[in-house]
Amino acid sequence: MRIDLHLHSSLSDGAFVPEDVVRFAHKTGLETVALSDHDSISAFARAEAVLPAGMRLLRGVELSSRFEGTEFHILGYFPSDVGDSFRAYLSEAQRSRRERMAEGIIALRARGLSVTIEEITSRFPGSESVSRSHVAQYLVDTDQVPSLAEAFERHLKYTLDVIPRTRLSSEGAIALILEHGGLPVWAHPSIEAFDAHVRTLAAAGLRGVEIYTRRRPGGEAAFCEKTCDELGLLATAGSDWHGNGRRPRFIPLNYDDARLEEFLSHFPAAAGTRRTGAVALAAPQTP
Ligand SMILES: [Zn+2]
Ligand SMILES: [Zn+2]
């Protein structure tokens, strides 16, 4: 099985339109993918429209959330359409992003940088979710900072209090995804954060953890697998690919096929292939 359940498109802060992400992924040999844009689920319909036969596409979204003064990302994977109330939530989240960004840009100008919200939105016209990555890219493109890393370090990291953070809590993000029929999965946790907080999030209804990421060494993955087994959490694999460097090159991940099969059993099979798993969701785990 070749799988990547965490890809971004230009509908949030990825480099490529959803149609191209799917084409590139197919060409590279990926069999199952999920587009999981920040606060946007619109990539699914566009990717589905060009999906090659036999390729499997999951509906995903990534929500930023607050947890004890830090930011955790919660992925939501939905076996069927999300419905109007979740779409309304996403529109509101996109509006809140623009508002927070406009506020942050005033602070960036006070720091001597030349930027307006109009310049950011006109440079990334397809995006539904304006983000710090867009601002970082803009600052690099206009030679105001030498690199994306430096843009974050000097101006954009949350500890500098320049761009206001989301008000959604991690528990709130989990509840929201469950309420709309999705599986909430903790995206790319550091091993320290995982160890310290996975029990709290599991008690809040978390259903899975993105264990297999591009940076996780084997020993860490084994520790995460053991803890997830104790807590009844599923495991997922995702590279958080944004088309970095604007290249259609995907990042190979090491993962346990059987664990991924278990996660995928909650979703419809690819068109034209036999349905092997249950589609219905198990009840959320209670503390
Ligand atoms: Zn993330
Ligand atoms: Zn991501």
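Note that the structure is a prediction, hence the values are computed from the model and not measured.

**Focus: the overall build of the protein**
Step number 1: In terms of regular secondary structure, the protein is built from ten helices and seven strands.
Step number 2: For 287 residues, the compact-globule estimate of 2.2 N^0.38 gives 19 Å, and the C-alpha radius of gyration of the protein, at 19 Å, lies within 12% of that figure.
Step number 3: Across the 287 residues in the protein, those meeting the buried criterion constitute 41%.
Step number 4: Across the protein, contacts joining residues at least 24 apart in sequence account for 69% of those joining residues at least 6 apart.

**As for helix H1 (residues 18-28)**
Step number 1: Buried within H1 are the following residues: Pro18, Val21, Val22 and Ala25. Looking straight down H1, one finds that the buried residues subtend no more than 95 degrees of arc, so they occupy a single side.
Step number 2: Considering only its buried residues, H1 is in contact with strand S1 (3-7), strand S2 (32-38) and helix H2 (43-49).
Step number 3: A positive phi of about 100 degrees marks Gly29, the residue just after H1.

**Points about the pairing of strand S7 (residues 234-237)**
Step number 1: Burial of S7 is two-sided: the residues Leu234 and Thr236 facing one way and the residues Ala235 and Ala237 facing the other way are all buried.
Step number 2: Viewed along the sheet, the connection from strand S6 (residues 208-212) through helix H9 (residues 218-231) into S7 turns out right-handed.

**As for the domain arrangement of the protein**
Step number 1: The domain boundaries assigned to the protein delineate domain 1 (3-83 + 168-264) and domain 2 (91-160).
Step number 2: On a C-alpha basis, the centroid separation for the pair domain 1 and domain 2 is 24 Å.
Step number 3: Looking at the side of domain 1 that touches domain 2 residue by residue, the class counts come to two nonpolar, five polar and four charged.

**Brief notes about the nonpolar core**
Step number 1: Counting residues in each nonpolar core, the largest one holds 57 residues, and the members touching the most others are Ala34, Ile74, Trp186 and Val209.
Step number 2: Sort the elements by how many residues they give to this core and strand S4 (residues 70-78) lands first, with five residues.
Step number 3: Those residues in contact with Trp186 that sit more than four places away from it in its chain are Phe72, Ile74, Leu201, Leu206, Val209 and Glu210.

**Quick notes on the sheet that holds S4**
Step number 1: On the basis of which strands lie adjacent, the open sheet formed by seven strands has the order S1-S2-S3-S4-S5-S6-S7 and mixed pairing. Of all strands in the sheet, those with a lone pairing partner are S1 and S7, marking the two edges. Between one strand axis and the next, the sheet turns through 30 degrees on average, direction left out of account.
Step number 2: Of the pairings in the sheet, the one linking S4 to strand S5 (residues 183-186) comprises four bridges and is antiparallel in character. Opposite Leu75, over in S5, you have Val185 as the bridge partner.

**Points about unusual backbone geometry**
Step number 1: Its identity as a non-glycine residue notwithstanding, Glu68 has a phi of 45 degrees, on the positive side.
Step number 2: Structurally, Glu68 can be placed in the loop between strand S3 (56-67) and S4.
Step number 3: On the neighbour-count criterion, Glu68 (11 C-beta atoms within 10 Å) is exposed.

**Thoughts on the packing of helix H8 (residues 191-203) against H9**
Step number 1: The N-to-C vectors of H8 and H9 enclose an angle of 10 degrees; their axes lie 11 Å apart at closest approach. By the angle between their axes, H8 is roughly parallel relative to H9. Residues Ile191, Phe194, Val198, Arg199 and Ala202 of H8 touch H9, and the partners they reach there are Glu220, Cys224, Thr227 and Leu231.
Step number 2: Taken together, the residues of the contact of H8 with H9 break down into six nonpolar, one polar and two charged.

**Brief notes about the environment of Gly126**
Step number 1: By the element assignment, Gly126 lies in the loop between helix H4 (117-123) and helix H5 (132-141).
Step number 2: Linking Gly126 and Ser12, residues 114 residues apart in sequence, is a C-alpha distance of 8.1 Å.
Step number 3: When near neighbours in sequence (up to four residues on either side) are disregarded, Gly126 contacts Ser10, Leu11 and Val17.

Rules used in this analysis
- Residues numbered from 1 in each chain as written.
- Chains lettered and ligands numbered in written order.
- Predicted model: local features only at pLDDT ≥ 70, side-chain atom pairs only at ≥ 80, totals over all residues.
- Helix = DSSP H or I, 4+ residues; strand = E, 2+ residues; numbered from the N terminus.
- Rg over C-alpha atoms; globule rule 2.2 N^0.38 Å.
- Buried ≥ 20, exposed ≤ 12 C-beta atoms within 10 Å, placed from the backbone.
- Contact = placed C-beta atoms within 7 Å.
- Arc of directions from axis to C-beta.
- Right-handed = clockwise from strand over helix to strand, strands pointing away.
- Domains from an automatic or database assignment.
- Nonpolar A, V, L, I, M, F, W, Y, C, P; charged D, E, K, R; others polar.
- Core = buried A, V, L, I, M, F, W, Y, C linked by C-beta atoms within 7 Å.
- Pairing = 2+ DSSP bridges.
- Axes fitted to C-alpha atoms, helices over the stretch in contact; angles between N-to-C directions.
- Parallel < 35°, antiparallel > 145°, perpendicular 65-115°, else oblique.

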